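Listed below are the residues making up each chain.
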There are 2 protein chains.
Amino acid sequence: MQSGTAPPSLKSLAAALGLSTATVSRVLSGQGERYRISRVTRDRILAQAHGSGLVVDQLARSLRLRRTLTLGLVIPDISNPFFAQLARQIERHARHRGYAVFIADSEEDAAVEAQAVTLMLSRQVDGLILAPVGTPGTGAALHALRQRPCVLVDRLLPEHSLPAVSSDHRQGAVLAVRHLVERGHRRIACVQGSPGTFANDERIAGWRSGMQAAALACPDWLIRGSGYSIEAGVAAAHELLQLPQRPSAVLALGNLLALGVLRAVREAGVLIPDELSLVAFDDQLWATVTSPPLTIIEQPIEELGRQVLELLLERIAGPMNDPPERRILPARLIERGSVRSLAPIPPASCNPSP
Amino acid sequence: MQSGTAPPSLKSLAAALGLSTATVSRVLSGQGERYRISRVTRDRILAQAHGSGLVVDQLARSLRLRRTLTLGLVIPDISNPFFAQLARQIERHARHRGYAVFIADSEEDAAVEAQAVTLMLSRQVDGLILAPVGTPGTGAALHALRQRPCVLVDRLLPEHSLPAVSSDHRQGAVLAVRHLVERGHRRIACVQGSPGTFANDERIAGWRSGMQAAALACPDWLIRGSGYSIEAGVAAAHELLQLPQRPSAVLALGNLLALGVLRAVREAGVLIPDELSLVAFDDQLWATVTSPPLTIIEQPIEELGRQVLELLLERIAGPMNDPPERRILPARLIERGSVRSLAPIPPASCNPSP
DNA sequence: TTGTAAGCGTTATCAC
DNA sequence: GTGATAACGCTTACAA
């Protein structure tokens, strides 16, 4: 047995220095002052620790402390740019606070989601951030979610009453509709994502509300699509283009759906914005280089990330019992080139006064 | 003291059943057969476990087993679609094999990267997947990387001789140049990412090799840009457009750079492909809806993810000493609409036979 | 100012 | 077939 190559550990370090593990632990965990460890031993320990490249085992530490400094993040699709950007913000803030973060992709599948949550819970994460699949009746994760602090993001779960952060999907849709109405559009269609899902339904509600505010009809046949994929967007757009009463504008409720609409429109030889106007949810880097550049509803992703982490850390620190807080952040419209003005400024000049 | 609400644990379950923790552990870890636990106790334990929703504490388990079933993934920018898609694949495969994965965004910063690696190492990950920042001389993570299995992806570190998986950046660039040359282009410029970085330099090397194969000059002034951001792409493209000897084609070495080129070209009122041809690295969902759709070099992201995980699990299972394996996967060119043919098919029809 | 020892929740070794 | 019990590497009363 070669004893020279013991894996660096607090214990081995103590042995090498002829000190007790207690003393070493106290210094390494920054409690040297509190325990009045002498300057010299403190320095000896620190020097040796750096020299040997010692990294204290957080596993053992966590077991003892009942706290892992670890968070879990479960999102429906990492490769969706919206969620990718969100994940980036969350991880960055978490790292700055000393937390490591587990990530999982639920693939928009409630079973996978439940499995991922369990996996993280078993690793004793201190808290969980969840952008739930959220198809109704998906309470599989329910039992688990009560055990540890958990904050929802983007999509709320009406049934669960958990704290949550999301952008104001409804107001965003209202903004879009108003923008279109002001430019003379009357028949405004929706290409939706997953019906039954919080964000989607809120956006639909916003569309309804915006239409009604303009005294416009909002029949169900103006709503098409199901699922947040490009293909779904293509299909929905094709349906809309073939309508006898073709809409003059389309509101796409997701960035992938917008891509689908663009693709369908190109296939059909329809021109944007000349023959069809388009407003889409979620700003993307590519939204300025499509032709035309897309007018979009932007969600404050950075702020969403910041606040959801803040809220989670609050829940971890404080009591979990207080009424679940919900933070709704405003969306805003960014005007680019995909909307045509049908009714130009009231043609006063063409209307000779009597 | 209320003893009724003990947190569900292997121990509490054993107590409730009047069994020893040993027995319960054996059953719960699937070793019931091996230890010849009787059918009845086995069933009793399983039933109780499911009933109480017990999730065994992987923390304690890992401490004992010296194995966490946890991996670490460090990438330079989660919101870059290439890395987002890669992360998705890796996480998915890891999950299927029972591994949880830590993610971190190194922000293209070697110090952040080192910090993230340490964070994960301290959590005793079984292995690490790293897309290193890779600016030369970035050996900060070095000491750590020898301690645990680690596989590089996308960018190799010549200095470190670690196992790695990446696409064939060089061959991809050769493909692009050949495609352009075949269509009559002679002055082909490069908009590069971070010089000194593996992927970037390989692509530049491929460009050189392709140019030389066609007996074309490849002066340094045809290479512009530094950094993988859109802004860098815009700046580089502007420089190229103002050149007295303006190139007829541009090779963008990253998807964000391609966006930058598109933006710059639009600002300058230059038409693609009529006045400038463009080939870009990395396929993206939006690459078909730009105008024109982009001709691109596609990396096999799914396969990269699959193989890097496979390689890592091999290293975890087997000995770490064998020579570090490197897998280089071929890239391919997808032709769309951003390249113009300068030399049309030999005009035989206009060339009346004698 | 430092050491001793119990314990975090699990698994493996040895008994019976 | 099952149960004691000693680790795993760390923290923290309690002693000294």
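Parameters at a glance
Residues numbered from 1 in each chain as written. Chains lettered and ligands numbered in written order. Predicted model: local features only at pLDDT ≥ 70, side-chain atom pairs only at ≥ 80, totals over all residues. Heavy atoms only, no water. Contact = heavy atoms within 4.5 Å. Buried area = accessible area lost by both parts, 1.4 Å probe. Salt bridge = Lys/Arg side-chain N within 4 Å of Asp/Glu carboxyl O. Polar contact = N/O pair within 3.5 Å; in protein donor to acceptor, adjacent residues only side chain to side chain. Helix = DSSP H or I, 4+ residues; strand = E, 2+ residues; numbered from the N terminus. Nonpolar A, V, L, I, M, F, W, Y, C, P; charged D, E, K, R; others polar. 1 Å grid on protein atoms, 1.4 Å probe; cavity = no way out; pocket = protein on both sides within 12 Å on 5 of 7 lines; lining within 4 Å. Points joined across faces, edges and corners; volume = space filled by probe spheres on them. Near = heavy atom within 4 Å. Least-squares fit on C-alpha atoms with pLDDT ≥ 70 in both. Buried < 20%, exposed > 50% of the residue type's maximum accessible area, 1.4 Å probe, protein only. Right-handed = clockwise from strand over helix to strand, strands pointing away. Pairing = 2+ DSSP bridges. Axes fitted to C-alpha atoms, helices over the stretch in contact; angles between N-to-C directions. Parallel < 35°, antiparallel > 145°, perpendicular 65-115°, else oblique. Left-handed = near helix turned anticlockwise from the far one by under 90°. Domains from an automatic or database assignment. Disulfide = S-S within 2.5 Å. Phe/Tyr/Trp six-rings, centres within 6.5 Å; stacked < 30°, edge-to-face > 60°. Lys NZ or Arg CZ within 6 Å of the ring centre and 35° of its normal.

Draft legend 1. The arrangement of the interface of chain B and chain A in detail. On the side of chain A, 51 residues touch chain B, which itself brings 51 residues to the contact. Approximately 4700 Å² of surface area, both sides summed, lies buried where chain B meets chain A, with 64% of it carried by carbon and sulfur atoms. Counting across the interface, chain B meets chain A through eight salt bridges. Put simply, chain B and chain A have 30 residue pairs in polar contact (both at pLDDT 80 or more) between them. When contributions to the side of chain B that touches chain A are tallied by element, the ones reaching two or more residues are α4 (58-65), α5 (81-96), β2 (100-105), α6 (110-122) and α11 (255-268) of chain B. Of the residues contributing to the side of chain B that touches chain A, the split by class is 25 nonpolar, 14 polar and 12 charged.

Draft legend 2. Inspection of the layout of surface pockets at higher detail. Each pocket or cavity is described by its volume, and for the second largest pocket that value is around 1000 Å³. Of all the secondary-structure elements, those providing two or more residues to the lining of the second largest pocket are α6 (110-122) of chain A together with α2 (21-28) and α4 of chain B. Tallied by class, the residues present in the lining of the second largest pocket amount to 15 nonpolar, 12 polar and eight charged.

Draft legend 3. Looking closely at the protein's contact with DNA strand C. As a matter of local geometry, DNA strand C sits amid 28 residues, with Arg26(A), Arg64(A), Ser25(B), Arg61(B) and Arg64(B) nearest to it. If you look at DNA strand C and keep only atoms within 4 Å of the protein, 67% of those are sugar or phosphate atoms. The backbone of Ser38(A) places a nitrogen or oxygen atom 2.9 Å from a phosphate oxygen of DNA strand C. Here a phosphate oxygen of DNA strand C sits 3.5 Å away from a polar atom, N or O, in the main chain of Lys11(B). Contributions of two or more residues to the surface near DNA strand C are made by α2 (21-28) and α4 (58-65) of chain A together with α1 (10-17), α2 and α4 of chain B. When residues in the surface near DNA strand C are grouped by element, the largest group, four residues, is from α4(B). Grouping the amino acids of the surface near DNA strand C by side-chain chemistry returns 11 nonpolar, eight polar and nine charged.

Draft legend 4. Focus on the protein's contact with DNA strand D. By nearness alone, 29 residues border DNA strand D, and Ser25(A), Arg61(A), Arg64(A), Thr23(B) and Arg26(B) come closest of all. Considering DNA strand D, the proportion of its atoms within 4 Å of the protein that are sugar or phosphate atoms stands at 70%. Here a phosphate oxygen of DNA strand D and a side-chain polar atom of Ser25(A) are 2.5 Å apart. In the environment of DNA strand D, a phosphate oxygen lies 2.3 Å from a nitrogen or oxygen atom belonging to the side chain of Arg61(A). Contributions of two or more residues to the surface near DNA strand D are made by α1 (10-17), α2 and α4 of chain A together with α2 and α4 of chain B. Of the residues assigned to the surface near DNA strand D, the class counts are 11 nonpolar, nine polar and nine charged.

Draft legend 5. Fine view of the relation of the copies chain B and chain A. Taken as rigid bodies, chain B and chain A are interconverted by a rotation of 180 degrees and an axial shift of 0.0 Å, the fit giving an RMSD of 0.1 Å. Each copy turns onto its partner about a two-fold axis. Same-surface contact between copies: 100% of interface residues of chain B are shared with the interface of chain A.

Draft legend 6. The pairing of strand β9 (residues 277-281) of chain B, seen in detail. Residues and elements named next belong to chain B. The element β9 is largely enclosed, with a buried count of five among its five residues. Every second residue of β9 is oriented toward a common face, with Ser277, Val279 and Phe281 on one face and Leu278 and Ala280 on the other, all of them buried. Handedness of the crossover is the feature at issue here: the chain leaves strand β8 (residues 249-252), passes through α11, returns alongside β9, and the resulting connection is right-handed. Here β9 pairs with strand β10 (residues 295-298) via three bridges, running parallel. When the sheet's bridge partners are listed, Val279 is paired in β10 with Thr295.

Draft legend 7. Structural context of the packing of α5(B) against helix α12 (residues 301-317) of chain B. All names here are of chain B. At their nearest, the axes of α5 and α12 sit 8 Å apart, and the two run at 45 degrees to each other. It follows that α5 is oblique to α12 by the angle criterion. α12 is crossed by α5, and the crossing has right-handed handedness. Taking contact as the criterion, the partners of Phe82, Gln85, Leu86, Gln89, Ile90, His93 and Ala94 in α5 are, on α12, Ile301, Glu302, Leu304, Gly305, Arg306, Val308 and Leu309. Split by residue class, the contact of α5 with α12 holds eight nonpolar, four polar and two charged.

Draft legend 8. Structural detail: the sheet that holds β10(B). Residue and element names in this part refer to chain B. Read across the sheet, six strands follow the order β7-β6-β8-β9-β10-β12 without closing on themselves; strand pairing throughout is mixed. Of all strands in the sheet, those bounded by a partner on one side alone are β7 (223-224) and β12 (332-334). Against the sheet, helix α9 (residues 198-213) makes contact with β6 (188-191), β7, β8 and β9, and its axis sits at roughly 175 degrees relative to β6, the strand it touches most. Where α11 meets the sheet, its contacts fall on β6, β8 and β9, and the angle it forms with β9 comes to roughly 155 degrees.

Draft legend 9. Quick look at empty space enclosed by the protein. A full pass over the atoms with the stated rule returns six cavities of 30 Å³ or more. Looking at the largest cavity, its volume works out to about 140 Å³. Looking at the largest cavity, it is lined by 14 residues, and the ones nearest its centre are Leu59(A), Phe102(A), Arg123(A), Leu59(B) and Arg123(B). At the level of secondary structure, the elements contributing two or more residues to the lining of the largest cavity comprise α4 of chain A together with α4 of chain B. For the lining of the largest cavity, a count of residues per class yields four nonpolar, eight polar and two charged.

Draft legend 10. The arrangement of the domain arrangement of chain A in detail. All names here are of chain A. By domain assignment, chain A separates into domain 1 (10-56), domain 2 (67-167 + 301-329) and domain 3 (169-299 + 334-350). Once you take the C-alpha centre of each, domain 2 and domain 3 turn out to be 30 Å apart. Opposite the 16 residues of domain 2 that make contact, domain 3 presents 12 residues. When domain 2 packs against domain 3, the two sides together hide about 1100 Å² of surface, and 48% of this comes from carbon and sulfur. Counting across the domain 2 and domain 3 interface gives zero salt bridges. For the interface between domain 2 and domain 3, the tally reads five residue pairs in polar contact (both at pLDDT 80 or more). Of all the secondary-structure elements, those providing two or more residues to the side of domain 2 that touches domain 3 are α5 (81-96), β5 (164-167) and α12 (301-317). Tallying contributions element by element places α5 first for the side of domain 2 that touches domain 3, with three residues. Its residues placed into classes, the side of domain 2 that touches domain 3 shows seven nonpolar, six polar and three charged.

Draft legend 11. Representation of the state of the cysteines in the model. Under the defined criterion, the tally for this structure stands at zero disulfides over all chains. With no disulfide partner, Cys190(A) has as its closest neighbouring cysteine sulfur the one in Cys218(A), 9.4 Å distant.

Draft legend 12. Highlighting the packing of aromatic side chains. For the coordinates displayed, the defined rule picks out three aromatic pairs over all chains. For the ring pair Phe82(B) and Phe83(B), a centre distance of 5.1 Å and an interplane angle of 70 degrees mean the geometry is edge-to-face. Take Phe82(B) and Phe83(B): they sit in the same class, and that class is buried. The ring of Tyr35(A) has Arg26(A) lying over it, and the distance from NZ or CZ to the ring centre is 4.7 Å.

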